[in-house]
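Chain and residue survey
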Amino acid sequence: MSIEKSLTAFNEAKEVIPGGVDSPVRAFKSVGGTPIFIAKGEGAHLVDIDGNRYVDFVQSWGPLIFGHGDKTIETAVIEAVKDGLSFGAPTEVETELAKEIATLFDNIDKIRFVSSGTEAVMSAIRLARGFTGRDDIVKFTGCYHGHSDSLLVEAGSGMATFGTPSSPGVPADLTKHTLLATYNDIESVKQCFENSKDIACVIIEPIAGNMGLVPADEAFLEELETLCHDNGALLIFDEVMSGFRASLKGAQGHTTVVPDIITFGKVIGGGMPVGAFAARAEIMNVLSPDGPVYQAGTLSGNPIAMHAGLASLGQLKADKELYDGLERLAKRLVLGLQEAANAEGIRLQVDVRGSMFGFFFNDNPVKNFDDALASDTALFASFHQKMLAEGVYFACSQFETGFICAAMDEAMIDDVIATSKKVFAEIA
Ligand SMILES: *Cc1c(COP(=O)(O)O)cnc(C)c1O
């Protein structure tokens with residue numbers, strides 16, 4: 001397949017946009033090659049500007065659980081646009097979406113909408129600090145919570161891909177309040193609580209998706225909950241990726257642990273830029289204008305985005321079989337890939353949570369970021385390049401999660417597995 005037009009477009013983009021992209025992982029740096037420029041999406045597929053078609057396991061990095069061009073969401077957006085793009089004043093659709101979400105969760109009374117996952121997490125951290133009157137926070141290496149200053153410490157995702165522990169431009173004074181712990185290792189969290197009596201919150205991706213897919217163990221999460229409660233710290237589940245992806249209730253469909261604050265993004269906007277953070281009333285009431293903790297946004301609760309989110313959530317709630325179906329496809333895919341790899345003497349570590357899937361080129365189980373980093377990224381890069389050339393679009397890094405969408409079916413998955421057999425044989 002020819003990607004001539006993408007090559008030209010990338011060179012042109014690099015002249016006026018740093019690295020040619022508006023978010024670093026898109027540049028394909030960790031897998032080599034040229035990023036594909038997209039012309040359009042159709043259901044499970046992407047079409048690039050050279051006219052090539054790809055099965056898309058990225059789905060805009062998670063949001064598009066119904067695939068590209070879902071008619072219900074498209075119609076909701078088009079109808080909303082006719083009434084105006086933005087008002088900077090309250091609209092009823094915000095309340096509607098808030099209610100839809102609050103009724104799903106016992107631990108959510110109130111929710112506030114923002115415009116990205118980064119903004120949601122940044123605001124949630126401020127809220128936790130304001131509520132507890134404490135400054136320190138605990139995060140886990142390999143978890144990514146957006147690019148705000150105090151969270152850009154050994155972050156996963158693009159950061160891990162480039163092997164940068166932290167970013168220039170972030171003052172050390174801001175990160176000195178961020179304590180780092182090891183994922184799935186409760187002793188490391190205990191250590192943090194011993195080192196500081198000023199911990200406002202522990203933030204975790206309960207199903208980590210930004211170091212590849214690494215779910216937290218149930219026992220670990222339970223101990224984490226107890227540790228937070230015993231020490232007067234809030235537990236924040238960052239569900240920007242796993243929310244409405246791992247199940248209708250995100251990670252809470254897989255664990256009995258109840259977080260104090262939840263952050264959302266990605267699926268919640270149905271493909272439009274939306275984030276949100278939510279908690280019980282006691283916590284949310286300290287937010288401005290009810291309380292003293294300031295947080296605001298010109299385009300927050302944007303009506304077009306709210307209608308897209310509402311149309312998305314309505315469908316997620318209506319189809320009781322949806323998540324089971326997506327999970328069956330995800331399992332079919334990773335087990336098929338694993339078998340194909342094994343046949344060529346390549347070992348894959350695979351996992352699935354709802355519509356999220358992951359596979360590591362790794363001989364050993366992956367429980368934390370160090371385990372993930374031990375993966376064979378060179379082999380992953382070869383696999384990625386060859387699959388792409390065969391029309392299969394996987395995330396362009398070993399440290400990302402894959403997504404199944406509702407527009408996929410068994411035949412599509414089986415075709416991808418058949419392609420992978422050929423590719424594994426070539427790279428083994
Ligand atoms: C994607 C992501 C974010 C950041 O969201 P943006 O919309 O990219 O700002 C934060 N936390 C998690 C867990 C994510 O996956």
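Along every chain, residues carry numbers that run from 1 in the direction the sequence is written. Thresholds applied to this predicted model are a pLDDT of at least 70 for local features of residues and 80 or more for the giving and counting of side-chain atom pairs; totals over whole chains, interfaces and linings are not thresholded and use all residues. Water and hydrogen atoms were dropped before computing side-chain values, which therefore reflect all heavy atoms in the structure.

**Some points on the domain arrangement of the chain**
Where a domain begins and ends is set by an automatic assignment or by a domain database. When its domains are assigned, the chain resolves into domain 1 (4–69 + 321–427) and domain 2 (71–318). For domain 1 versus domain 2, the distance between C-alpha centres works out to 25 Å. Working rule for contacts: check all heavy atoms of both residues, and any pair within 4.5 Å makes them a contact. Contacts between the two partners involve 35 residues from domain 1 and, on the opposite side, 38 residues from domain 2. Surface buried jointly by domain 1 and domain 2 totals about 2,900 Å² across both partners, of which 65% is contributed by carbon and sulfur atoms. The quantity reported as buried area is the accessible area (1.4 Å probe) lost by two parts once they are put together, taken as the sum for both. Among the residues domain 1 hides against domain 2, the three largest losses belong to Y323, R353 and F369. Together they make up 23% of the total. A carboxyl oxygen of Asp or Glu within 4 Å of a side-chain nitrogen of Lys or Arg is what we treat as a salt bridge. The interface formed by domain 1 and domain 2 includes 1 salt bridge. Taking the shortest distance from any N to any O, the salt bridge between D217 and K367 comes out at 2.9 Å. A helix here means a DSSP run of H or I that spans at least four residues, while a strand means a run of E at least two residues long, and both kinds are numbered starting from the N terminus. Elements that contribute at least two residues to the side of domain 1 that touches domain 2 include exactly α11 (322–343), β13 (348–353), β14 (356–361) and α12 (369–373).

**With respect to the packing of helix α7 (residues 186–195) against helix α8 (residues 218–230)**
For every element, the axis is a line fit to its C-alpha atoms; helices are fit only across the contacting stretch, and the angle between N-to-C directions ranges from 0 to 180 degrees. For the pair α7 and α8, the least separation of the axes is 10 Å and the interaxial angle reads 10°. What the angle tells us is that α7 and α8 run roughly parallel. Helix-helix and strand crossings are classified by hand; for α7 and α8 the assignment is right-handed. Together, I186, V189, K190 and F193 of α7 and F220, E223, L224, L227 and C228 of α8 make up the contact between the two elements. Here the word oblique covers every angle except those under 35 degrees (roughly parallel), over 145 (roughly antiparallel) and from 65 to 115 (roughly perpendicular). Crossings are sorted by hand: turned counterclockwise from the far helix by less than a right angle, the near helix makes the crossing left-handed, and turned clockwise it makes it right-handed.

**A word on unusual backbone geometry**
Here S288 and P289 are connected by a cis peptide whose omega angle stands at 10°. In this model, N184 sits at a positive phi of 65°, which is unusual for a non-glycine residue. Position of N184 relative to the elements: it lies in the loop between β6 (178–181) and α7.

**Re the side chain of H384**
Relative to the helices and strands, H384 is located in helix α13 (residues 377–389). Judged by its relative accessible area of 1%, H384 falls in the buried class. For H384, the contacting residues outside a window of four places in its chain are F28, V31, F394, A395 and C396. Buried residues are those whose accessible area, probed at 1.4 Å on protein chains only, stays under 20% of the maximum for their type, while exposed residues exceed 50% and partly exposed ones sit between those limits.

**What about the sheet that holds β14?**
On the basis of which strands lie adjacent, the open sheet formed by 3 strands has the order β13-β14-β16 and antiparallel pairing. The sheet is open, and its two edges are formed by β13 and β16 (402–403), each paired on a single side. Two strands pair under a simple rule: DSSP has to find at least two bridges between them. As judged from the 2 bridges shared by β14 and β16, these two strands associate in the antiparallel manner. From the neighbouring strand, F357 faces β16, where its bridge partner is G402.

**Details of the site of the ligand**
Around the ligand sit S116, G117, T118, Y144, H145, G146, E205, N210, D238, V240, M241 and K266, and those are all the residues in its vicinity. By the criterion applied in these results, polar contacts are pairs of N or O atoms within 3.5 Å in which, for protein atoms, one can donate a hydrogen and the other can accept it, and in which residues neighboring in sequence qualify only through two side-chain atoms. Note that an oxygen atom of the ligand is positioned 2.6 Å from one of the side-chain N or O atoms of T118. Between the ligand and D238, the relevant distance is 2.7 Å, taken from a nitrogen atom to a side-chain nitrogen or oxygen of the residue. In isolation the ligand exposes 380 Å². Once the protein is present, 83% of that is buried. For each residue, the test is whether any non-hydrogen atom lies within 4 Å of the molecule or strand; if one does, the residue is near. Using a 1.4 Å probe, accessible areas were evaluated by the Shrake-Rupley method; residue-level cover was limited to the displayed protein chains.

**Digging into the side chain of N368**
Along the chain, N368 falls in the loop between β14 and α12. Here the side chain of N368 touches D371 through a polar contact of 2.9 Å, landing on its backbone nitrogen. When near neighbours in sequence (up to four residues on either side) are disregarded, N368 contacts T182, Y183, M211 and V214.

**A word on the environment of G402**
For G402, the position within the fold is in strand β16. With a relative accessible area of 8%, G402 lands in the buried category. For the pair G402 and D351, spaced 51 residues apart in the sequence, the C-alpha separation amounts to 10 Å. Beyond its immediate chain neighbours, meaning those up to four positions away, G402 contacts F57, S355, M356 and F357.

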